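Residue-level listing of the chains:
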Amino acid sequence: MKIIIATPLYPPDIAEPAPYVKELAKNLRHKHDITVVAYANNPEKISRVKIVAVSKRDWLPVRLIKYTLALYKASKGTDVIYVQNGPSVDFPAIIVGKITGINVIIRFSHDKAWERAVQLRLTDKNQEEFLKYSNGNLQVRLIMALQKFAFRQALLITAPSVYLTTIIANAYKIEKKRIIVLYNPPEKEQILPFTSAIIPYQILIHTSLIKEKKLQEIIYAVLLLKKDFPSTKLIVAGIGQEETNLKKLVQELDLHDSVSFIGHVSRAESWHIRKSSQIYLQNPKNEDTPCDIINTFVAETTLITIKNDMTSEAVVNGESGILTENWNRSELVSVISQLFKDHEMRKKLSGGGQRTLSEKFSWETHIHNLNLILESIKK
Amino acid sequence: MKTVDNKQIWDEYCKSELKVITPILSKLGFTLDQIQVHIGGERYLMAIKRDVGGGGKKLVLTGHRNIDGKRVIIKISRDIAGIEEIKHERKCRDVLQNINFAYRTFFSPEELLFTKQKSHIIFITTYIEERTAFLQHSMQDQFFLAMRAFEVQESVHATTSSHTKIISKTFGLTSAKNYLDSFDMFESESKDSDPNNNDLALTFNKANNFLHQNKNIIEQYCDFLTHSDFVPHNLRVVDRDIYLLDYSALHFGNKYESFGRFSNYMAIYNPELRMALFDYVKKNRGEEEYLSLRLMCIYKLGFILKFHTGTLANTAGNMNELSKERIGFWIHVMESVLDDKPVPEELVKKHHQALSSLRSEEEIRRQKELKQI
């Protein structure tokens with residue numbers, strides 16, 4: 001098949017979907033004729049993949065027109081345009097699709113209106129809550145309107161979880177049958193210049209530090225855990241408004257030797273602390289829960305999270321992680337204590353995580369499933 | 001004009017400026033420290049020699065605020081270029097904090113005062129106390145701190161017309177052509193200053209060809225926020241917060257420029273960290289980014305060599321020997337980057353020995369104050 005991947009970002013840009021697009025093109029080129037149409041000034045090259053770059057330096061309306069024209073020009077003989085969600089590519093892709101009759105599939109990774117609202121500091125809601133109760137300035141509302149238009153015109157939309165298909169369908173008033181689940185593949189493992197040996201009794205949570213996440217419960221849990229496990233240590237990675245209050249709590253409970261706030265971390269360090277922690281506490285209110293869970297599986301770290309529709313998709317309780325009913329100190333203490341004592345259970349969960357990765361979240365599975373989708377719409 | 005003359009001129013400049021500034025600062029409620037670490041030692045060699053951010057004469061002083069004893073950094077100048085540099089730095093701080101496409105930024109010391117007093121511009125910020133200097137952290141911590149700082153910079157990528165408009169006025173945009181033109185200048189000035197140095201000439205030729213052959217790679221990684229003097233003495237690490245001290249050296253260019261400067265610095269002070277960073281980029285970011293890192297290391301080495309060859313005519317005795325030693329060392333480092341090999345340990349050891357024996361007592365004290373030795 002001849003496929004165009006239309007993307008708002010491409011390496012050397014580092015933000016998603018840039019790395020995904022490059023990896024996707026490398027994986028698809030063996031079977032398909034791939035062209036990437038990207039907003040880029042100096043794109044990285046891939047052998048056997050044509051890269052069409054449209055400069056971002058022009059004024060917005062001009063670059064939109066140039067992108068549309070570039071997409072149209074590249075579309076000759078194309079079977080499908082696979083769009084990496086973003087208003088600057090959705091809209092041109094829909095126009096070209098309408099003119100040429102080429103099918104357009106939009107890959108939904110994150111909601112762009114929500115991303116913009118976060119960037120402009122207009123919201124501290126996670127994606128799901130934002131889409132349920134969206135607010136924002138004119139720019140954010142315009143992005144939502146453009147997304148709505150594009151999603152309704154596209155043949156299909158892919159979403160990274162079953163949970164999100166419902167959110168997208170409700171937020172944008174789209175028939176659920178047009179939204180297909182295509183799980184995201186994992187980020188690349190980091191190769192570090194030193195080993196990441198597991199530190200016994202080390203617990204990690206990596207999240208934004210906001211009130212809604214009830215992080216004080218974890219701190220109280222550490223206080224209780226230290227009675228039976230004096231070496232218990234909690235690493236809190238992330239930043240947010242609650243940081244001062246949480247640090248104050250740690251001081252009041254005299255836990256400053258057991259709780260470390262490490263703030264924002266690099267990709268290398270995020271990998272290292274996840275790999276070297278015995279337990280990862282995943283907060284489902286996280287901005288990117290599926291990715292967070294997948295990364296924990298890759299790191300082979302024992303995962304604890306709260307049971308809900310989203311986490312249940314990725315985690316099988318007792319097989320690949322532990323799903324708790326509540327995020328309160330007593331339940332956390334009970335679960336963590338068990339895991340601290342039971343090495344075999346931790347090993348089992350880690351193995352389960354690896355199997356889930358291989359079956360659902362690997363690049364091989366992703367490409368296989370994407371190929372099935374593409375074949376199904378072939379004319 | 002030799003070492004003694006230049007140093008004397010600098011010392012006299014400092015003395016006369018301090019005589020004028022001290023009562024002004026006192027009226028504003030500030031007192032200077034007895035020992036001024038940032039204007040002593042070899043500092044006179046660096047006056048007015050910057051590649052980015054201006055090149056005026058200014059003094060960087062330490063002191064405290066009288067009402068509460070708060071330690072402060074005072075930047076002060078009445079030189080036109082020095083004033084522009086201070087104003088530019090202040091503007092860079094403000095703009096960077098407010099860029100809406102910067103996902104994360106550095107911390108900066110709190111501004112306490114910005115004022116014009118007679119012909120002096122005075123910019124006072126809080127002094128950031130470091131419990132542990134960068135080089136005193138474990139190797140692992142240094143690695144992660146460095147990576148965090150680099151990722152903060154590369155998260156600021158100016159690509160659209162609106163981004164370019166916001167940043168070009170303040171920070172400036174450096175393209176591959178600018179880098180190559182600058183390197184041509186580094187080469188010609190270095191050769192003029194040290195005309196009989198065949199190793200210098202040959203290595204520079206090789207380096208220049210290498211840069212020109214890979215112009216596309218340099219351009220590919222441009223338009224990122226980068227710092228032209230990204231070294232530990234321009235940072236403060238407090239707990240895990242990274243404070244940037246010199247905002248005027250920020251500009252938009254190749255994202256590996258700051259990495260290159262940092263790596264070259266670590267060739268002397270922590271070669272293990274340097275190799276760890278090289279290894280990380282090679283294994284995690286791909287061949288093109290690794291090549292970009294090498295290219296920027298070479299670019300920054302060109303600047304270092306231009307600087308040190310430029311001191312030969314103006315130095316004598318131990319200072320002159322030290323300049324020659326430095327030139328020899330940095331040529332070897334440039335060759336090792338060109339050959340993609342580590343700098344030999346014995347070379348680094350020999351260089352440290354030379355630094356210890358040839359540096360003045362005053363400079364050794366300054367280096368200890370800056371916690372670089």
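Residues numbered from 1 in each chain as written. Chains lettered and ligands numbered in written order. Predicted model: local features only at pLDDT ≥ 70, side-chain atom pairs only at ≥ 80, totals over all residues. Heavy atoms only, no water.

## Notes on the pattern of salt bridges
- A complete count under the given rule lists 36 salt bridges over all chains for this structure.
- Of the charged contacts, one joins D13(A) and K56(A) as a salt bridge, the two residues approaching to 3.3 Å between their closest N and O atoms. With D13(A) in the loop between β1 (2–7) and α1 (18–28) and K56(A) in the loop between β3 (50–54) and α2 (60–74), this residue pair connects regions lying 43 residues apart in the sequence. Of the two residues, D13(A) and K56(A), both sit in the buried class.
- Where R71(B) meets D33(B), a salt bridge forms, and the shortest distance between an N and an O atom there is 2.8 Å. Residue R71(B) is located in strand β3 (residues 71–77), and its partner D33(B) is located in the loop between β1 (30–32) and α2 (43–46); the two are separated by 38 residues in the primary sequence. (Salt bridge = Lys/Arg side-chain N within 4 Å of Asp/Glu carboxyl O. Helix = DSSP H or I, 4+ residues; strand = E, 2+ residues; numbered from the N terminus. Buried < 20%, exposed > 50% of the residue type's maximum accessible area, 1.4 Å probe, protein only.)

## Side note on the interface of chain B and chain A
- Taken together, the contacts link 33 residues of chain B with 31 residues of chain A.
- Note on chain B versus chain A: buried area summed over both sides is about 2,900 Å², and carbon and sulfur give 49% of it.
- Summed over the shared surface of chain B and chain A, the number is four salt bridges.
- One salt bridge in this structure joins R267(A) and E154(B), with 3.8 Å as the shortest N-O distance.
- Where chain B packs against chain A, one counts 10 residue pairs in polar contact (both at pLDDT 80 or more).
- Secondary-structure elements contributing two or more residues to the side of chain B that touches chain A are α4 (139–154), α5 (161–170), α8 (215–220) and α10 (271–311) of chain B.
- The class makeup of the residues in the side of chain B that touches chain A is 10 nonpolar, 10 polar and 13 charged. (Contact = heavy atoms within 4.5 Å. Buried area = accessible area lost by both parts, 1.4 Å probe. Polar contact = N/O pair within 3.5 Å; in protein donor to acceptor, adjacent residues only side chain to side chain. Nonpolar A, V, L, I, M, F, W, Y, C, P; charged D, E, K, R; others polar.)

## Some words on the sheet that holds strand β7 (residues 179–181) of chain A
Residue and element names in this part refer to chain A.
- The seven strands are arranged β3-β2-β1-β4-β5-β6-β7 in an open sheet whose pairing can be described as parallel. Taken across any chain shown, the strands that pair with only one partner, and hence form the sheet edges, are β3 and β7. Taking each pair of neighbouring strands and ignoring which way they run, the sheet shows an average axis angle of 20°.
- Here strand β5 (residues 103–107) runs beside strand β6 (residues 156–159); their pairing, made up of three bridges, is parallel. Bridged to I106 within β6 is I157. (Pairing = 2+ DSSP bridges. Axes fitted to C-alpha atoms, helices over the stretch in contact; angles between N-to-C directions.)

## Things to note about the side chain of T315(B)
- Along the chain, T315(B) turns up in the loop between α10 and α11 (317–338).
- Here the side chain of T315(B) touches T311(B) through a polar contact of 2.7 Å, landing on its backbone oxygen.

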